[in-house]
Amino acid sequence: MPVNLKKPKIAPNGMIAPTNTSIFALANTTAIEQDYQELCHQFDTLVSKRAFVHWFTQDGMEVDQLTEARSDLQSIRVDLREALRDQDTE
């Protein structure tokens, strides 16, 4: 689970206690297939423009690893879609 190093914004008079870190998790459930689709689209857009790719290559990652990560994400989407289809037929 990645931890965001920036302090999160808290709504005034909100019900959430102030904190110095925030956490983002993308769970593997059938309810978020649409979120994975959007994530794939954003990933494709950034990689096609080579936006931020230099950050990863400077840290020793190869461009092929980004392609493999995209392929893994697509596999998750396909698995979720199949699970949804199986759930609908039951």
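Residues numbered from 1 in each chain as written. Predicted model: local features only at pLDDT ≥ 70, side-chain atom pairs only at ≥ 80, totals over all residues. Heavy atoms only, no water.

Caption draft 1: Representation of the overall build of the chain within the structure. Counting secondary structure elements, the chain contains three helices and two strands. With 90 residues in all, the chain has 11% of them scored as buried. At a minimum sequence separation of 6, the contacts of the chain that also span at least 24 residues come to 43%. About 7,500 Å² of surface is accessible on the chain, with carbon and sulfur atoms providing 55% of the total. (Helix = DSSP H or I, 4+ residues; strand = E, 2+ residues; numbered from the N terminus. Buried < 20%, exposed > 50% of the residue type's maximum accessible area, 1.4 Å probe, protein only. Contact = heavy atoms within 4.5 Å. Areas by Shrake-Rupley, 256 points an atom, 1.4 Å probe, with all protein chains shown as cover.)

Caption draft 2: Molecular detail of the nonpolar core. Listed in full, the five residues of the largest apolar core are Ile32, Tyr36, Cys40, Leu73 and Leu80. Filtering out sequence-adjacent residues up to four positions away, Leu73 remains in contact with Tyr36, Leu39 and Cys40. (Core = buried A, V, L, I, M, F, W, Y, C linked by side-chain atoms within 4.5 Å.)

Caption draft 3: Focus on the side chain of Arg77. Turning to its location among the elements, Arg77 is positioned in helix H3 (residues 63-89). For Arg77, a relative accessible area of 11% corresponds to the buried category. When neighbours within four sequence positions are excluded, Arg77 is seen to be in contact with Glu33, Tyr36, Gln37 and Cys40.

Caption draft 4: Geometry of a nonpolar patch on the surface. Together, Leu46, Phe52, Trp55 and Phe56 give the surface a local cluster of nonpolar side chains, amounting to about 400 Å² of exposed area. With respect to the helices and strands, the residue Trp55 is situated in helix H2 (residues 53-58). (Patch = residues over 30% accessible without salt bridge, like charges linked within 9 Å, V, L, I, M, F, W, Y side chains within 5 Å. Salt bridge = Lys/Arg side-chain N within 4 Å of Asp/Glu carboxyl O.)

Caption draft 5: Quick peek at the confidence of the model for the chain. On average, the chain scores 79 in pLDDT, and the residues at 70 or more come to 83%. The lowest-confidence element of the chain is strand S1 (residues 3-4), averaging 60 in pLDDT; the highest-confidence one is H2, averaging 89. (pLDDT = per-residue confidence, 0-100.)

Caption draft 6: Looking closely at a negative patch on the surface. A surface patch of like charges, here negative, comprises Glu62, Asp64, Glu68 and Asp72. The residue Glu68 is located in helix H3 in this model. (Lys, Arg positive; Asp, Glu negative; His and termini not counted. Charge placed at Lys NZ, Arg CZ, Asp CG, Glu CD.)

Caption draft 7: A look at the side chain of Arg70. Structurally, Arg70 is set in helix H3. When its relative accessible area of 18% is taken as the criterion, Arg70 is described as buried. Setting aside anything within four residues of it in sequence, one finds Arg70 in contact with Cys40, Phe43 and Asp44.

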